[in-house]
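Observations on the three-dimensional arrangement
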Amino acid sequence: MHRSWLAVVESLVPVLASVLLACADAGTDPGGAGGTSRDPPGGSSSPAASTSASSTSASSTSAGGDPDLWIPALETSWHWMIDHPLDVNDPRDMGLVDPTGAPLDTPPPSVYDLDWEFTPAETVAALHAMGARVICYVDVGAFEDYRPDAGDFPESVKGNPDYHWEGSFWLDIRQIDVLGPIMRARFQACKDKGFDAIEPDEVDGYANDSGFPLTYEDQIAYNRFIAELAHGMGMSVGLKGDIEQAEDLWPYFDWTLNEQCFEYDECEILVDTFLANGKAVFEVEYDDPFSGHMTDGSLFCPRANAWNFNSMEMPLDLDGGRWPCR
């Protein structure tokens, strides 16, 4: 996206202010990582907990300024499974094997990223008892006609189809007064189930054919609202995708989750923003030969490990199993 110099300067003002404030409060260089992340609920004696505790840690103070929020360590073994309700007795669902069922020789996940609707409180509690943390996947930028709260969305906020996913339509994110209460209710559902963090999806409508005249600044305002909402409810939050706005948004998010940055040769911005400021990067490349996606971890894992990314090769449907780079 091409932007005027005035727009660039204006967009950097809140970012610079946030960095200066952080430096004044902490007395440290904002480019360095410090402190340690909080231990998982099960304590450091569990395998999942020791994996995270022994790794390089991110700052214990979140982007929201609350030291009590859980913040993932820079090096964190994780699993992403949002296709169906997780079965804690299924090795594929638990990320203990690869998608073919073959055992893995890498650490078990210490973090699970699961769907807000499909995941009951009992599953979150079971994962906590194993020493893991749990992230709540929530679509905040698109209307999904199959969700239980679909009736809460007025027609005025529904835009063009998100052609990647059936039953999904872009939202008019300018209408925060309308969408805010709906997202708060979803985040509250996550909180009530015991989730530790929020993964807000579809936060780049401005860069897509949404059906609305969304601007770069509209997206920044909405994404900051989402981050502040999660922090205000006691959960950390990650920037999902939206890599073109990473320079403006990293101060407001606690970690990031990216898809296919190696495939599209755009990973370095995450090194310069999130990693340079002590914030974890979760990253996935997809195993989908029919669409031409990467299918061989050797194409990206060496660079991912060198950069300290938590990268994996995964099935496109995120329906169980993983090939972690480390």
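Structure shown above.
Here's what I pulled together on the structure shown here. (Residues numbered from 1 in each chain as written. Predicted model: local features only at pLDDT ≥ 70, side-chain atom pairs only at ≥ 80, totals over all residues. Heavy atoms only, no water.)

1. With respect to the sheet that holds strand β2 (residues 111-115)
Read from one edge of the open sheet, nine strands run β1-β2-β3-β7-β8-β9-β10-β11-β12, paired in mixed fashion. Taken across any chain shown, the strands that pair with only one partner, and hence form the sheet edges, are β1 (78-81) and β12 (323-324). In terms of strand pairing, strand β3 (residues 133-139) meets strand β7 (residues 197-201) through five bridges, oriented parallel. Pairing of I135 across the sheet is with A197, part of β7. Of the strands in this sheet, β2 and β3 touch helix α3 (residues 121-129), which is tilted by about 145° from β3. In the packing of helix α5 (residues 216-232) onto the sheet, the strands contacted are β7 and β8 (236-240), and the crossing angle to β8 comes to about 155°. (Pairing = 2+ DSSP bridges. Helix = DSSP H or I, 4+ residues; strand = E, 2+ residues; numbered from the N terminus. Contact = heavy atoms within 4.5 Å. Axes fitted to C-alpha atoms, helices over the stretch in contact; angles between N-to-C directions.)

2. Re the packing of aromatic side chains
Across all of its chains, the model carries 11 aromatic pairs by this definition. Ring geometry for F143 against F169: centres 6.4 Å apart, planes inclined by 40°, an arrangement best described as tilted. Of this pair, F143 sits in strand β4 (residues 142-144) while F169 sits in strand β6 (residues 168-171), and the two are 26 residues apart along the sequence. For F169, a relative accessible area of 26% gives the class partly exposed. Here the aromatic rings of F262 and W307 are separated by 5.9 Å at their centres, their planes lie at 20°, and the arrangement is stacked. Of this pair, F262 sits in the loop between β9 (255-259) and α7 (268-272) while W307 is found in the loop between α8 (301-306) and β11 (310-315), placing the two residues 45 residues apart along the sequence. Owing to a relative accessible area of 4%, F262 belongs among the buried residues under this scheme. Pairwise contacts between aromatic rings join W78, W80, W255 and F282 into one cluster. Sitting above the plane of the F118 ring, R147 keeps its charged end 5.7 Å from the centroid. (Phe/Tyr/Trp six-rings, centres within 6.5 Å; stacked < 30°, edge-to-face > 60°. Buried < 20%, exposed > 50% of the residue type's maximum accessible area, 1.4 Å probe, protein only. Lys NZ or Arg CZ within 6 Å of the ring centre and 35° of its normal.)

3. What about the sheet that holds strand β5 (residues 158-161)?
Judged by pairing direction, the sheet is antiparallel, and its three strands sit side by side in the order β4-β6-β5 without closing on themselves. Across the chains shown, the open sheet's two edge strands, defined by having one partner strand only, are β4 and β5. Here the strands of the sheet are splayed against their neighbours by 40° on average, with no regard to which way each runs. Two elements, β5 and β6, share two bridges in a ladder whose sense is antiparallel. What sits directly across from K158, in β6, is L171.

4. Considering α5
Two residues of an α-helix separated by three or four positions point the same way, owing to the 3.6 residues in each turn. With 17 residues, α5 extends 24 Å between its outermost C-alpha atoms, agreeing within 8% with the 24 Å of an ideal straight helix rising 1.5 Å per residue. When α5 is considered as a whole, its buried residues turn out to be Y216, Q219, I220, Y222, N223, I226, A227, L229, A230 and H231. The inward-facing, buried residues of α5 contact α4 (176-193), β7, β8 and α6 (246-249). Residue G234 follows α5 closely and has a positive phi angle near 85°. (Expected span 1.5 Å × (residues − 1).)

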